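# Coordinates in review
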Amino acid sequence: MVNSIFPEAEKQSFSVHSTEEILTWLESRKNNLSVWLDKISLEECAPWYYDEKQGMIRNTKGTFFQITGLRWTKNNGETVEQPIILQEEIGFLGIICCKIRDVWHYLMQAKIEPGNVNNVQVSPTIQATKSNFTQQHGGAKPPFLEYFINMEHSDVLVDQIQSEQSSRFLGKRNRNVILMRHEMLEEPPTHRWMTLPQIKELMKYDNLVNMDTRTVLSCIPYVLLGEEGDVPFQNKLYFSRTAASLDRQTIVNIYKQINDFKMFERGKIEKIPLFGLKDWKMENGEFLHVKGYPFKLIFCNIAIEGREVTEWKQPLFAATGIATFGLLCCDDAGILKFLIKVKPEIGCFDGIEIGPTIQEEAGSIVEEDCVTALFREKLYKKEGVLVDVLLSEEGGRFYREQNRNVIISVQKKEIPAVPKGYVWSDYGTMNILTQINNCLNIQLRNLLSILEI
């Protein structure tokens, strides 16, 4: 569900395909592809195995990724131990865009992933790890790869290396790219041209637009492009006021908290053998926490038509429930502001990033304060709810993981004293900080990509 409390303005009228045609195409792609996934044991998951010497699950070639144990010893003596994915290579998440009849269109893919909730989701033009596009799997190269390998700087709209889920990966990042073309490329059966309003419309459907699309679109430098770009707000006057609101003190406040953590509070991160993790065990073919944890490790035998490789086996992280990612926003004298929070995470490349107001994993312990209490009250009463939609995490490493993404409009006076760690930030500042590597975490970027005003 996505609503708006702001005045409507003119909408783009032209699109190569109607939204109804795109939905029909997605349904057809889903119905004409066969997907089969069977849970198996680690012993049946060859060429994946547990390497006793290195203390990790890996494949015999050492490609794609590995899973090891990680221990975080905090300064207060508290320790956290969990499995973590090692995938040091940087992959491409790339979208090609083009102005067609003076309207920006984006070439999107109907991509199938083994862990997707509904099999097929709207994905970037190209979505490939380095192992994929260097053909370590023995399959074909992804279509349109050559445009990104040979891109010219003058064609680049976005080129940012951004983080993935720091609760699941150790320092994992992807290269988020949007390339501008002067000509409309031919659509293969797997791709369709879509406008930004159409993609945002598709985001209103549960689990239809994938995480990789959302993170790439969140990186568009709207405040630098102004009205020459693809303005994400329907109300352009409101956008122009909001985009111009870059507040130096907000940036100083955010970075002070981030830098204090890096300097004084990060603690010690160390890799340890996966099967040596405290309170983790193998049970019924799954590697899980004895007292419950936001995720567990499963092993799968997979067959999918229409991919570079059609049959394989691999481990996947499976969520044990639905997480909630929430963002409170307000209109402050005509300026759109968000209540954000600096968020340290065990696998974060730089230790800490800017996160949303609420980042609550299933089964995790959340520190209650006046902000979380207000969020829960508003959500329960359905007051000011602009967005409330289930969206999936990346299906190549995670099994059917979906999160509740919520944006709620409040009055700033409802939080008279902001607790430590939170900062009110205008939209313009958030958009500028998205142009900096490893600054906003993926949960916040995904929420910002959904926003409609």
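Owing to the predicted nature of the structure, the values given are computational and were not obtained by experimental measurement.

### Some words on the overall build of the protein
- Across its full length, the protein carries 11 helices and 25 strands.
- Computed over the C-alpha atoms, the radius of gyration of the protein is 22 Å, within 12% of the 22 Å expected from 2.2 N^0.38 for a compact globule of 453 residues.
- Projected onto its principal axes, the C-alpha positions of the protein cover 60 × 55 × 40 Å.
- Counting every position in the protein, which comprises 453 residues, the buried fraction comes to 58%.
- For the protein, contacts bridging at least 24 residues in sequence account for 73% of all contacts bridging at least 6.
- Total accessible area on the protein is roughly 19200 Å²; 49% of this is exposed by carbon and sulfur atoms.
- The averaged location of the 59 negative side-chain charges in the protein is 3 Å from the averaged location of its 51 positive side-chain charges.

### Examining the pairing of strand S6 (residues 91-100)
- Where burial is concerned, most of S6 is hidden: nine out of the 10 residues are buried.
- Of the strand pairs in this sheet, S6 and strand S11 (residues 173-181) are connected by eight bridges, and their pairing is parallel. By the bridge assignment, cysteine 98 is partnered in S11 with arginine 181.
- One ladder, built from three bridges, connects S6 with strand S9 (residues 126-128); its direction is antiparallel. Bridge assignment links phenylalanine 92 to a residue of S9, and that residue is alanine 128.
- Relative to strand S7 (residues 103-112), S6 is paired through five bridges, and the arrangement is antiparallel. Bridge assignment links isoleucine 100 to a residue of S7, and that residue is valine 103.
- Between S6 and S7, which pair antiparallel in sequence order, lie two residues; one of them, arginine 101, sits at a positive phi of approximately 50°.

### Quick notes on the environment of leucine 390
- Tracing the backbone through its elements, the reader meets leucine 390 in strand S22 (residues 385-392).
- A sequence separation of 16 residues divides leucine 390 from valine 406, and the C-alpha atoms of the two residues are 8.9 Å apart.
- Excluding anything up to four places from it in sequence, leucine 390 contacts Tyr205, Asp206, Asn207, Ile322, Gln402, Asn403 and Arg404.

### Points about the confidence of the model for the protein
- The predicted model of the protein has a mean per-residue pLDDT of 91, with 92% of residues at 70 or higher.
- In this model, residues 4-11 is a region of pLDDT below 50 whose contacts with residues beyond four sequence positions or in other chains number 16 contacts.

### Points about helix H5 (residues 211-218)
- Along H5, eight of the eight residues are buried, which leaves the element largely enclosed by surrounding structure.
- For H5, the set of buried residues is Met211, Asp212, Thr213, Arg214, Thr215, Val216, Leu217 and Ser218.
- The residue sitting at the N-terminus of H5 and contributing the capping side-chain oxygen is asparagine 210; that oxygen lies 3.2 Å from the backbone nitrogen of aspartate 212.

### Some thoughts on the pairing of strand S12 (residues 191-195)
- Most of S12 sits inside the fold, with five of its five residues counted as buried.
- Where S7 and S12 come together, five bridges link them in antiparallel fashion. Within S12, the residue paired with histidine 105 across the bridge is threonine 195.

### Remarks on the state of the cysteines
- Applying the stated criterion to the full structure yields zero disulfides.
- For the unlinked cysteine cysteine 45, the closest cysteine sulfur is that of cysteine 300, found at 7.4 Å.
- Among the residues examined, cysteine 45 registers a relative accessible area of 0% and is labelled buried.
- Here cysteine 98 stays free of any disulfide, with the sulfur of cysteine 97 as its closest cysteine sulfur at 7.6 Å.

### Some thoughts on unusual backbone geometry
- The amide bond that connects alanine 46 to the next residue, proline 47, takes the cis arrangement and shows omega of 15°.
- Along the chain, proline 47 turns up in the loop between strand S1 (35-40) and strand S2 (48-51).
- Unlike most non-glycine residues, lysine 382 shows phi in positive territory, near 60°.
- Relative to the helices and strands, lysine 382 is located in the loop between helix H9 (370-381) and S22.
- Phi at asparagine 438 is positive, roughly 55°, even though this residue is not glycine.
- Here asparagine 438 lies in the loop between helix H10 (427-433) and helix H11 (442-450).
- For asparagine 438, a relative accessible area of 13% corresponds to the buried category.

### Comments concerning the nonpolar core
- Core analysis: the biggest nonpolar cluster contains 76 residues, and Tyr106, Ile178, Leu217, Phe338, Ile340, Ile354 and Met430 have the highest contact counts within it.
- Looking at which element gives the most residues to this core, the answer is S7, with five residues.
- Those residues within four positions of isoleucine 354 in sequence are excluded, and the remaining contacts are Ile254, Ile258, Ile340, Lys341, Val342, Met430, Leu433, Cys439, Leu440, Asn441 and Leu444.
- In this structure, Ile40, Leu42, Cys45 and Trp48 belong to the second largest nonpolar core, which totals 20 residues.

### Topic: the packing of H5 against H11
- As a packed pair, H5 and H11 sit with axes 8 Å apart at the nearest point and diverge in direction by 80°. One way to sum up the angle between H5 and H11 is to call them roughly perpendicular. Here H5 contributes Met211, Arg214, Thr215 and Ser218 to the contact with H11, which in turn contributes Ile442, Arg445, Asn446 and Ser449.

Rules behind the numbers
All residue numbers here refer to positions counted from 1 along the written sequence of the relevant chain. Reporting of local features is limited, given that this is a predicted model, to residues whose pLDDT is at least 70; pairs of side-chain atoms are given and counted only at 80 or more, and all residues count toward the totals for whole chains, interfaces and linings. No hydrogens and no water enter the side-chain calculation; it runs on all heavy atoms of the structure. Comment: elements are numbered from the N terminus, with helices defined as DSSP H or I runs of at least four residues and strands as E runs of at least two. All radius of gyration figures rest on C-alpha atoms, and the globule criterion is 2.2 Å times the number of residues raised to 0.38. Partly exposed residues are those whose accessible area sits between 20% and 50% of the maximum for their type, while under 20% is buried and over 50% is exposed, using a 1.4 Å probe and protein chains only. Residue contacts are defined here by distance: any two heavy atoms, one from each residue, within 4.5 Å place the two residues in contact. Per-residue accessibility takes into account occlusion by the displayed protein chains alone, with areas from the Shrake-Rupley method and a 1.4 Å probe. The charge count includes Lys and Arg as positive and Asp and Glu as negative, but it does not include His or the ends of the chains. Here the site of a charge means atom NZ of a Lys, CZ of an Arg, CG of an Asp or CD of a Glu. One requirement defines pairing of two strands: DSSP has to find at least two bridges between them. For every residue, the predictor states its confidence as a pLDDT score lying anywhere from 0 to 100. Here a polar contact is taken to be a pair of N or O atoms separated by no more than 3.5 Å, where protein atoms must pair a possible hydrogen donor with a possible acceptor and residues adjacent in sequence count only if both atoms sit in side chains. Pairs of cysteine sulfur atoms within 2.5 Å are identified as disulfides in what follows. Residue types Ala, Val, Leu, Ile, Met, Phe, Trp, Tyr and Cys, when buried and joined through side-chain atoms within 4.5 Å, form a set referred to as a nonpolar core. Where helices are involved, their axes are fitted lines through C-alpha atoms of the stretch in contact, as for all axes, and angles between N-to-C directions lie from 0 to 180°. The cut-offs work like this: below 35 degrees is roughly parallel, past 145 is roughly antiparallel, 65 to 115 is roughly perpendicular, and the gaps in between are oblique.

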